[in-house]
Amino acid sequence: MTLDNLMTLGMLILLQAVLGFDNLLYISLESQHAPADQRARVRRLGIAIAIVLRIVLLFALMSVIEAFTDPWLEVHTGIVDGELNLESLIVLLGGVFILYTAVKEIYHMLGLEEIEHNQRQQRSVGGIIFWIVLMNLVFSFDSILSAMALSDVFWVMAAAIIAGGVLMIWLADTVSAFLQKNRMYEVLGLFVLFIVGVMLLSEGGHLAHLHLFGHEVTPMSKTTFYFVISVLVLVDVVQSRYQKKLLRLKQAAGVSTATEDRR
């Protein structure tokens, strides 16, 4: 319990909170597939299981980090070249799944059935919890490796993971309720999720030292990620206000026309 360890713990908790934003968004969107009376339980149980598995993953990474980072498959096709390791493969697969989920949800949202019934296709509670836990582990790689770069004390990193998980449990219901009441922002959330998938693909490609057509795959930085998210939010806010303004003008024009007709 030295001052240095406590300061590191504070930095790691802040890091967990920042890096957990995309994970929290995925959990909030995925839990919408559960029955309404089970959604809060699904989110809390999924995050709680993921916290335990994150600590197990942290212990495993500290013990056998070479098994995750050493290359075990080389690819040289002229179009795609690189050296895959376990970490890069997990991140790449996670990115593919996130992209698939975002595109599928956007397509489903544009369907007439979604508009008419205003509800998502429900799935089993166990399946939803499974995907929340699995994707939580995928998202945890960057936070765990970042934590290992800042500290080599197990209890400090484990305490930061637990604190970050408790914070996610606390915020999950709020984020999910906001998206449920403001369905228009689900589109923004899905496109944010889409960018998260692109970020994971770029990060996995960088970890595997992939080259596409001779060009190196470089990771999307967190600064770029949050800049793109900020632009998306700004565009959404401006567009919403502009649409409300047009609606007010249309209503005012309709009232004026009706008044003239009565005269």
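Definitions and cut-offs
Residues numbered from 1 in each chain as written. Predicted model: local features only at pLDDT ≥ 70, side-chain atom pairs only at ≥ 80, totals over all residues. Heavy atoms only, no water. Helix = DSSP H or I, 4+ residues; strand = E, 2+ residues; numbered from the N terminus. Pairing = 2+ DSSP bridges. Phe/Tyr/Trp six-rings, centres within 6.5 Å; stacked < 30°, edge-to-face > 60°. pLDDT = per-residue confidence, 0-100. Contact = heavy atoms within 4.5 Å. Axes fitted to C-alpha atoms, helices over the stretch in contact; angles between N-to-C directions. Parallel < 35°, antiparallel > 145°, perpendicular 65-115°, else oblique. Left-handed = near helix turned anticlockwise from the far one by under 90°. Nonpolar A, V, L, I, M, F, W, Y, C, P; charged D, E, K, R; others polar. Patch = residues over 30% accessible without salt bridge, like charges linked within 9 Å, V, L, I, M, F, W, Y side chains within 5 Å. Areas by Shrake-Rupley, 256 points an atom, 1.4 Å probe, with all protein chains shown as cover. Salt bridge = Lys/Arg side-chain N within 4 Å of Asp/Glu carboxyl O. Buried < 20%, exposed > 50% of the residue type's maximum accessible area, 1.4 Å probe, protein only. Expected span 1.5 Å × (residues − 1). Bend = angle between axes of the 7 residues up to and from the residue.

Caption draft 1: Main features of unusual backbone geometry. Although it is not a glycine, H209 sits at a positive phi angle of roughly 55 degrees. Turning to its location among the elements, H209 is positioned in the loop between α9 (184-207) and β3 (211-212).

Caption draft 2: Quick peek at the sheet that holds strand β4 (residues 215-216). Ordered by their spatial adjacency, four strands build an open sheet running β1-β2-β3-β4, and the pairing between neighbours is antiparallel. Each edge of the open sheet carries a strand with a single partner, namely β1 (73-76) and β4. Bridge count between β1 and strand β2 (residues 80-84): four bridges; the pairing is antiparallel. In the strand pairing of β2, E74 is matched with E83.

Caption draft 3: Seen up close, the packing of aromatic side chains. One pass over the full model with this rule turns up two aromatic pairs. With a centroid separation of 4.3 Å and an interplanar angle of 10 degrees, the aromatic rings of F97 and W131 are classed as stacked. Of the two residues, F97 sits in helix α5 (residues 86-110) while W131 sits in helix α7 (residues 125-150), which places them 34 residues apart along the sequence. Ring geometry for F130 against W131: centres 5.3 Å apart, planes inclined by 75 degrees, an arrangement best described as edge-to-face.

Caption draft 4: Broad picture of the confidence of the model for the protein chain. Overall, the prediction assigns the protein chain a mean pLDDT of 76, with 80% of residues at 70 or greater. Highest mean pLDDT in the protein chain belongs to β4 (84); lowest belongs to helix α6 (residues 112-117) (48). Between residues 114-118, whose pLDDT stays under 50, and residues either more than four places distant or in other chains, the model counts nine contacts.

Caption draft 5: Quick peek at the packing of helix α3 (residues 39-63) against helix α8 (residues 154-181). Relative orientation of the contacting elements α3 and α8 amounts to 155 degrees, with a least axis distance of 10 Å. Considering their axes alone, α3 and α8 lie roughly antiparallel with respect to each other. Read as a crossing pair, α3 and α8 show a hand that is right-handed. Classifying every residue of the contact of α3 with α8 gives 17 nonpolar, three polar and five charged.

Caption draft 6: Local environment of a nonpolar patch on the surface. Together, L45, I49, V52, L53 and V56 give the surface a local cluster of nonpolar side chains, amounting to about 370 Å² of exposed area. Residue placement: V52 occurs in helix α3.

Caption draft 7: Focus on the side chain of R39. Take R39: it is sitting in helix α3. Take R39: its relative accessible area is 17%, and that puts it in the buried class. What R39 contacts, discounting residues up to four positions off in sequence, is S31, Q32, A34 and Q180.

Caption draft 8: Quick peek at α8. Spanning 28 residues, α8 covers 41 Å between terminal C-alpha atoms, matching the ideal 40 Å at 1.5 Å per step. At L171, α8 is deflected by roughly 35 degrees, the largest bend along its length. Of all the positions in α8, only V156, M157, A158, A160, I161, G164, G165, M168, A172, S176 and L179 are classed as buried.

Caption draft 9: Structural context of the environment of I161. Inspection of the secondary structure assignment puts I161 in helix α8. On the accessibility criterion, I161 (3% relative accessible area) is buried. Counting along the chain gives 106 residues from I161 to I55, while the straight-line C-alpha distance between them is 7.3 Å.

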